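# Remarks on the overall topology
Residue strings, one per chain:
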Amino acid sequence: MRVGVLTGGGDCPGLNAVIRALVRKGTRDYGFEFLGFRDGWRGPLDNITMQLGIPQVRGILPRGGTILGSSRTNPFKIDDGVEKISKNLQANGVDALIAIGGEDTLGVATKLADLGVHVIGVPKTIDNDLSATDFTFGFDTAVNVAMEAIDRLHTTAESHHRVVVVEVMGRHAGWIALHAGLSGGANIILIPEQPFDIAKVCELVESRFRTNYSPIVVVAEGAVPAEGTTTIIEGETDAFGHVRLGGIGDRVAAEIESRTGQESRAVVLGHTQRGGTPTAFDRWLATRFGLHAIEAVHDEDFGTMMALRGTDIVRVPLVEGTGELKLVTPELYAEAEVFFG
Ligand code: F6P
C-alpha cells in the first residue's frame, strides 16, 4: 500500500514525531511505502510531493515544526480543488492519505472522506480545542513555554511595580491561557469563552497592588470585552475565514494604565508558543497517534480520527473531532478565579 502524509494549518511541536512513528511502524510492520505531500492541502492540490521513508525521518523526533511544511490552503475554496486532489492521489498511486491537522485541515479531511477519499485524521493544535480527544499534542509544549514566560515576568513586574499583561494564543478557546495562567500563578486570566469587564479587571489589579505584589494578567488572543465595556481590534481573514488576531494584550495594558494609573506593559508570546522542541508528553502523544493511525490505515478504517481518552488511543469518526470546538467550561474557569486579584 502507498500512504500519503500531509501536515496542515498552524505548525505545532510533535508533528515530526507523528510522521516518524507512521513511517517507522508502516515500513517495519506492514511494508507500506510513503509519499510526503508538501505544505498542507496545497501538496495534493498542486502535486507538490517529497520522498518520505526511514532516511527522511531519522533524527526528527525532537525537532519542532514539520519536515513536510504547512499552509492554510482550503481546497474547497479553489475551483475544481477536490477533483485535482483525487487526480493527483491517483496519479501518485496513493491508496490512503493521513492528514495531520486541526479543525480546518481535518474539516477538509471530513468532507473528502464523505466523497470517498481514503483519509485518516490525526488531531494537532496547540490550542487543544478539538472535540473528541482529551488532549492534542503541541498543547503541553505551548503551556510550558507560556508558564516559563509568566514565571520570568513575575520577577521583573515585582521589581518595577508594574502590571504585566501576557498575551497567549487561543483564538476561540482559552485552554492555553487557563493552564499556563493556573500553573504560572497569574492574578487574572481572560479567555474568549468569558467576555471580560475591564472595570472589574482594574479592581483586581488594584487589589493585587494593595497586597504589595504586582499583577500578571494572562489574556488569550481571542478574549473579548463584554459588550459596551471597550472595543476590539479587527484584522484580515485567512482562507478558512479566521481573523488574524493580536492586539488585545496591548489594548488591555493601555486600558489598565489609563484607568488605574499603574504602569502596565504587554508581552505577546506569539509564535514562540508553537516553535521549538516538543515536551516529553507531546512526543509521547504524537508518537502514539502515529502508531495508531498507521494501524487504522492497515485496517482500512477510513474516515476516522485518532483520539486520546484517558491514556488510551481510540478511533472516532472524523466528524466527531471537527463538528464542534471544545471550549473551557464555566466550572473550570471558576476554579481559576479563586486566585484572581
Ligand atoms: O490555530 C492555532 C493557532 O496557534 C491559533 O491559536 C492562532 O490564532 C493561530 O494559530 C495563528 O496562526 P498563524 O499566525 O500561523 O496564522
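Note that the structure is a prediction, hence the values are computed from the model and not measured.

Moving on, we come to the pattern of salt bridges. With the rule as written, the count across this model stands at 14 salt bridges. For Arg-274, the salt bridge is made with Asp-11, and the minimal N-O distance between the two is 2.9 Å. In this pair, Arg-274 is assigned in the loop between β9 (264-268) and α10 (280-298) and Asp-11 in the loop between β1 (2-7) and α1 (15-30), connecting sequence segments 263 residues apart. Note on Arg-274: relative accessible area 15%, which makes it buried. Given a relative accessible area of 23%, Asp-11 falls into the partly exposed group.

Here the protein chain is described as being made up of domain 1 (2-137 + 278-322) and domain 2 (141-275). Centre-to-centre, using C-alpha coordinates, domain 1 lies 33 Å away from domain 2. With 19 residues of domain 1 in contact, the opposing surface of domain 2 contributes 18 residues. In this assembly, domain 1 packs against domain 2 so that about 1,500 Å² is buried in total across both faces, 54% of it on carbon and sulfur atoms. Counting the contacts that link domain 1 with domain 2 gives three residue pairs in polar contact (both at pLDDT 80 or more). If one sorts the elements of the side of domain 1 that touches domain 2 by residue count, helix α5 (residues 103-114) sits on top with three residues. Split by residue class, the side of domain 1 that touches domain 2 holds six nonpolar, five polar and eight charged.

Glancing now at the site of the ligand. Taken together, Arg-72, Ile-126, Asp-127, Met-169, Gly-170, Arg-171, Glu-221, His-271 and Arg-274 make up the full set of residues near the ligand. Take Arg-72: an N or O atom from its side chain is 2.9 Å from an oxygen atom of the ligand. Gly-170 is positioned such that a nitrogen or oxygen atom in its backbone is 3.3 Å from an oxygen atom of the ligand. Contact with the protein chains covers 80% of the free accessible surface of the ligand, which is 400 Å². Residues belonging to the shell around the ligand are distributed by class as follows: two nonpolar, two polar and five charged. Two domains share the shell around the ligand, each providing at least three of its residues, namely domain 1 (2-137 + 278-322) and domain 2 (141-275).

With that settled, consider the environment of Lys-111. If you trace the backbone, Lys-111 turns up in helix α5. In this structure the C-alpha to C-alpha distance between Lys-111 and Gly-303, which are 192 residues apart in sequence, comes to 9.3 Å.

A few words on the packing of α1 against α10. For the pair α1 and α10, the least separation of the axes is 7 Å and the interaxial angle reads 40°. It follows from the interaxial angle that α1 and α10 lie oblique. Regarding α1 and α10, the two cross each other, and that crossing is right-handed. Two secondary-structure elements touch here, α1 through Ala-17, Val-18, Ala-21, Leu-22, Lys-25, Gly-26 and Tyr-30 and α10 through Arg-283, Ala-286, Thr-287, Gly-290, Leu-291, Ala-293, Ile-294, Glu-295 and His-298. Per-class residue counts for the contact of α1 with α10 are nine nonpolar, four polar and three charged.

This part covers the sheet that holds strand β7 (residues 188-190). On the basis of which strands lie adjacent, the open sheet formed by four strands has the order β7-β8-β6-β9 and parallel pairing. Pairing within the sheet leaves two strands with one partner each, and these edge strands are β7 and β9. The average angle at which neighbouring strand axes cross in this sheet is 20°, direction not considered. As paired strands, strand β6 (residues 163-168) and strand β8 (residues 216-220) are joined by five bridges and run parallel to one another. Looking across to β8, one finds that Val-164 is bridged to Ile-216. Against the sheet, helix α9 (residues 248-260) engages β6, β7, β8 and β9, with an angle of about 160° to β6.

What counts and how
Residues numbered from 1 in each chain as written. Predicted model: local features only at pLDDT ≥ 70, side-chain atom pairs only at ≥ 80, totals over all residues. Heavy atoms only, no water. Salt bridge = Lys/Arg side-chain N within 4 Å of Asp/Glu carboxyl O. Helix = DSSP H or I, 4+ residues; strand = E, 2+ residues; numbered from the N terminus. Buried < 20%, exposed > 50% of the residue type's maximum accessible area, 1.4 Å probe, protein only. Domains from an automatic or database assignment. Contact = heavy atoms within 4.5 Å. Buried area = accessible area lost by both parts, 1.4 Å probe. Polar contact = N/O pair within 3.5 Å; in protein donor to acceptor, adjacent residues only side chain to side chain. Nonpolar A, V, L, I, M, F, W, Y, C, P; charged D, E, K, R; others polar. Near = heavy atom within 4 Å. Areas by Shrake-Rupley, 256 points an atom, 1.4 Å probe, with all protein chains shown as cover. Axes fitted to C-alpha atoms, helices over the stretch in contact; angles between N-to-C directions. Parallel < 35°, antiparallel > 145°, perpendicular 65-115°, else oblique. Left-handed = near helix turned anticlockwise from the far one by under 90°. Pairing = 2+ DSSP bridges.

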